[in-house]
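Tertiary structure, described
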Amino acid sequence: MVELELSDTEFKSFRDLIAERAGIYFEPSKQDLLRTNLLQRMEDCGLSNFADYFQLLSSPAGTKEFDHLLNLIIIPETYFFRDQAQFDAFEHSIIPEILKSESDSGSSLRIWSAGCSTGEEPYTIALLVAAGMGSVKYPSVHILATDVSSVALEAARRGVYGPRSVRDVPKEYLNRFFSKKKDKYHLDESIKKMVEFSYFNLMTEPYPLLEMSGWDIIFCRNVTIYFQHESTKKVIHNFYQSLRPGGYLFAGYSESLRYLSDEFTTVQVGGTFVYKKEPRGKSPKRKVRRTRRKRGRQRTPASGRSRRLEVLSDQRVDETQQICTRAKELLELGKPEQAGDLLAPYLKKSTASESVLLLQAEIFLNQGNLEKAVQLCERIINYEPLSVAGYYLLGLVYRTWKKEGKAIEEFKRVLYLNSEHALARFNLGDLYSEVGKRDEARIEYANVVRLLKEVPESFDERLAGGFSPTLLIDTCLSRIKELSESG
Ligand SMILES: C[S@@+](CC[C@H](N)C(=O)[O-])C[C@H]1O[C@@H](n2cnc3c(N)ncnc32)[C@H](O)[C@@H]1O
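Residues numbered from 1 in each chain as written. Predicted model: local features only at pLDDT ≥ 70, side-chain atom pairs only at ≥ 80, totals over all residues. Heavy atoms only, no water.

**Topic: the pattern of salt bridges**
According to the stated counting rule, one finds 19 salt bridges in the structure shown. The partner of Arg41 in a salt bridge is Glu65, with the nearest N and O atoms 2.8 Å apart. Residue Arg41 is located in helix α2 (residues 31-45), and its partner Glu65 is located in helix α4 (residues 63-73); the two are separated by 24 residues in the primary sequence. Both residues of the pair, Arg41 and Glu65, belong to the buried class. The salt bridge involving Asp216 is made with Arg244; its shortest N-O contact spans 2.5 Å. In this pair, Asp216 sits in strand β7 (residues 215-220) while Arg244 sits in strand β8 (residues 243-251), placing the two residues 28 residues apart along the sequence. On the basis of relative accessibility, which here comes to 1%, the residue Asp216 falls in the buried class. (Salt bridge = Lys/Arg side-chain N within 4 Å of Asp/Glu carboxyl O. Helix = DSSP H or I, 4+ residues; strand = E, 2+ residues; numbered from the N terminus. Buried < 20%, exposed > 50% of the residue type's maximum accessible area, 1.4 Å probe, protein only.)

Structural data, given as structure tokens:
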């Protein structure tokens, strides 16, 4: 392979082209990885400089070449029954609800697996359907599975898998629906026939109405984790449009819709979240089973520390606290605009309290206004260098922005000030896992389990992305298991 430097300008041109066409966004830390992929494709095309290759990709004749490049850069990691809690929710809660609501219409059940990779996800759905899901009676079922990688789709259609892919398939399913030849597991034709595979790029807009609407359930898991915030927002909105009223979206376990969409109702089912498009006339809300908070005074992580910001009379403190409590309620109800309106008069004052500024930063984060959220967090930290809540929020903003390195730095700062901050450790666990630091991730998840054995008074479900302490513990345990099994 030729040795060629990829300049920063060239890197940005390729990065933006790929992000625009396929959503996948290369962070600066991945510049070298992109360079290697480009060089490999250039060699196959007989090209010796990046400018010529960029021109080829941008030309009308470059569509096919873009597909080849995509096949190199996508991460197809997947396996059967990935994230068991979601399939439990699918089987025991969502499907019965949908079948009940459709029992009179007699229409078929329509499920779309978007970003299906090599097929394990849609086939898991098909296996559950085929096994009859207990005693439930099925109408006809249509499962569509789409991906942007032609190589992954080809493998999906073959339906032949290695031991890693089937490691979580329950024994009875393995015996009933697979035949083992040498070290490969061949999926039964009856299951393969249930899934229709097709090429579809989630960045293509508008989604074709005829094929891509009226879905009962959409699975899109671990696909947009490589997208930028704005692209993910667009995709989620398109899913909303594509679902029928009353339908559900399953997102990956680290892909909360919290800062991406206020169109869906968040429903906690067992150990996971699903997102519902409410029937017409009903507005979205949060249906999260809550654990009881301990009685007593609610403390925020930063309370008692704001020396310079909060120089207020007792009366003003009371008033500010009331406003903050109401603004938090509005945020929990998914109404960031109204929360912002409420806080506005208190922000103008030069003595605006730390809690008001933190809430406003959270509102910016909620609205996807990430630059403003960073600016405000920095303002808080500038005034109050020991603001645990400020660093924590800044970490959340960078995480949402997909700036993993910066997010890790901020969460580490939180731990420097308060080593028992379970939420910072949870976020670090996720981030380490995303950047491939599996051992570090496992350690952080284990720390969360240890720390939450006794729930601190300051625990704030809102800042935990809606996770209750119990759900956080369950999630950490299942992620530790997943990391141990896959490594
Ligand atoms: C990590 S796999 C996830 C597979 C499966 N959903 C799961 O959770 O196990 C991500 C898949 O998303 C696909 N993908 C990435 N960008 C896409 C896009 N713009 N449109 C459709 N699929 C895309 C990739 O090709 C890859 O197969």
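That covers the picture; the talk isn't over yet.
**With respect to the site of the ligand**
Ala22, Thr78, Gly115, Asp147 and Asn222 are the nearest of the 20 residues found near the ligand. For the ligand, whose unbound accessible area comes to 600 Å², protein coverage reaches 98%. The site holding the ligand turns out to be the largest pocket. Classifying every residue of the shell around the ligand by side-chain character gives nine nonpolar, six polar and five charged. (Near = heavy atom within 4 Å. Areas by Shrake-Rupley, 256 points an atom, 1.4 Å probe, with all protein chains shown as cover. 1 Å grid on protein atoms, 1.4 Å probe; cavity = no way out; pocket = protein on both sides within 12 Å on 5 of 7 lines; lining within 4 Å. Sits in = over half its atoms within 2 Å of the grid points. Nonpolar A, V, L, I, M, F, W, Y, C, P; charged D, E, K, R; others polar.)

**Focus: the sheet that holds strand β4 (residues 178-181)**
Pairing within the open sheet is antiparallel, and its three strands lie in the order β3-β5-β4. Every interior strand has two partners, whereas the edge strands, β3 (160-161) and β4, have only one. By the bridge criterion, four bridges tie β4 to strand β5 (residues 184-187) in an arrangement that is antiparallel. Residue pairing in the sheet places Lys181 in a bridge with Lys184 of β5. (Pairing = 2+ DSSP bridges.)

**A word on the packing of helix α14 (residues 370-383) against helix α15 (residues 388-400)**
Running from amino to carboxyl end, α14 crosses α15 at an angle of 160°, the nearest separation of the two axes being 9 Å. By the angle class used here, α14 and α15 are roughly antiparallel. In this structure, the crossing between α14 and α15 has a hand that is left-handed. Along the contact surface, α14 presents Leu370, Ala373, Val374, Cys377, Glu378 and Ile381, while α15 presents Gly390, Tyr391, Leu393, Leu394, Val397, Tyr398 and Thr400. (Axes fitted to C-alpha atoms, helices over the stretch in contact; angles between N-to-C directions. Parallel < 35°, antiparallel > 145°, perpendicular 65-115°, else oblique. Left-handed = near helix turned anticlockwise from the far one by under 90°. Contact = heavy atoms within 4.5 Å.)

**A short note on the layout of surface pockets**
For the largest pocket, the calculated volume is near 1,300 Å³. Around the largest pocket, the lining is made up of 50 residues, and of these Ile75, Glu77, Asn222, Ile225 and Tyr226 lie nearest the centre. Elements supplying a minimum of two residues to the lining of the largest pocket: α2, α4, α17 (422-434), α18 (438-451) and α19 (469-486). The greatest single-element share of the lining of the largest pocket, amounting to four residues, is contributed by α19. (Points joined across faces, edges and corners; volume = space filled by probe spheres on them.)

**Focus on the packing of α2 against α4**
Packing of α2 against α4 leaves a shortest axis separation of 10 Å and a crossing angle of 140°. Regarding the angle of α2 to α4, the classification is oblique. You can see that α2 and α4 cross each other, and the crossing is right-handed. In this structure, α2 contributes Asn37, Leu38, Gln40, Arg41 and Cys45 to the contact, and α4 contributes Glu65, His68, Leu69, Leu72 and Ile73.

**Re the packing of aromatic side chains**
Where two aromatic rings form a pair, the distance of their centres and the angle of their planes describe that pair. If you walk through the whole model with that rule in mind, you get 24 aromatic pairs. Consider the rings of Phe80 and Tyr161, whose centres lie 5.0 Å apart with planes at 85°: the pair is edge-to-face. Taken together, the positions of Phe80 in the loop between α4 and α5 (84-102) and Tyr161 in strand β3 put the pair 81 residues apart, joining distant regions of the chain. Here Phe80 matches Tyr161 in class, with each residue buried. By way of ring pairs, the aromatic residues Phe81, Phe87, Phe90, Tyr173, Phe177, Phe219 and Phe250 are connected into one cluster. Over the face of the ring belonging to Tyr79 we find Arg167, whose NZ or CZ atom lies 3.9 Å from the ring centre. (Phe/Tyr/Trp six-rings, centres within 6.5 Å; stacked < 30°, edge-to-face > 60°. Lys NZ or Arg CZ within 6 Å of the ring centre and 35° of its normal.)

**Section: empty space enclosed by the protein**
Taken as a whole and judged by the stated rule, the model has one cavity of 30 Å³ or more. Quantified by volume, the largest cavity comes out at close to 50 Å³. Tallying contributions element by element places helix α10 (residues 229-242) first for the lining of the largest cavity, with three residues. By residue class, the composition of the lining of the largest cavity is six nonpolar, two polar and one charged.

**Description of the nonpolar core**
Ranked by internal contacts, the top residues of the largest apolar core, which has 97 residues, are Leu38, Trp112, Leu202, Phe239 and Leu249. In terms of residue count, the dominant contributor to this core is α15 (nine residues). (Core = buried A, V, L, I, M, F, W, Y, C linked by side-chain atoms within 4.5 Å.)

**A few points about the pairing of strand β10 (residues 272-276)**
β10 sits mainly inside the fold: five of its five residues count as buried. Residues of β10 alternate between two faces, with Thr272, Val274 and Lys276 on one and Phe273 and Tyr275 on the opposite face, all of them buried. When β8 meets β10, the two strands line up antiparallel, connected through two bridges. Looking across to β10, one finds that Leu249 is bridged to Tyr275. Of the strand pairs in this sheet, strand β9 (residues 265-269) and β10 are connected by five bridges, and their pairing is antiparallel. Counted as the bridge partner of Val269 is Thr272 from β10.

**With respect to helix α3 (residues 50-58)**
Those residues of α3 lying buried are Phe50, Tyr53 and Leu57. Take α3 and look down its axis: the buried residues cluster within an arc of 65°, on one side only. Buried residues in α3 make contact with α1 (8-22), α2 and α4. You can read the cap of α3 off the contacts: a side-chain oxygen lies 3.2 Å from the backbone nitrogen of Ala51, and it is on Asn49. (Arc of directions from axis to C-beta. Polar contact = N/O pair within 3.5 Å; in protein donor to acceptor, adjacent residues only side chain to side chain.)

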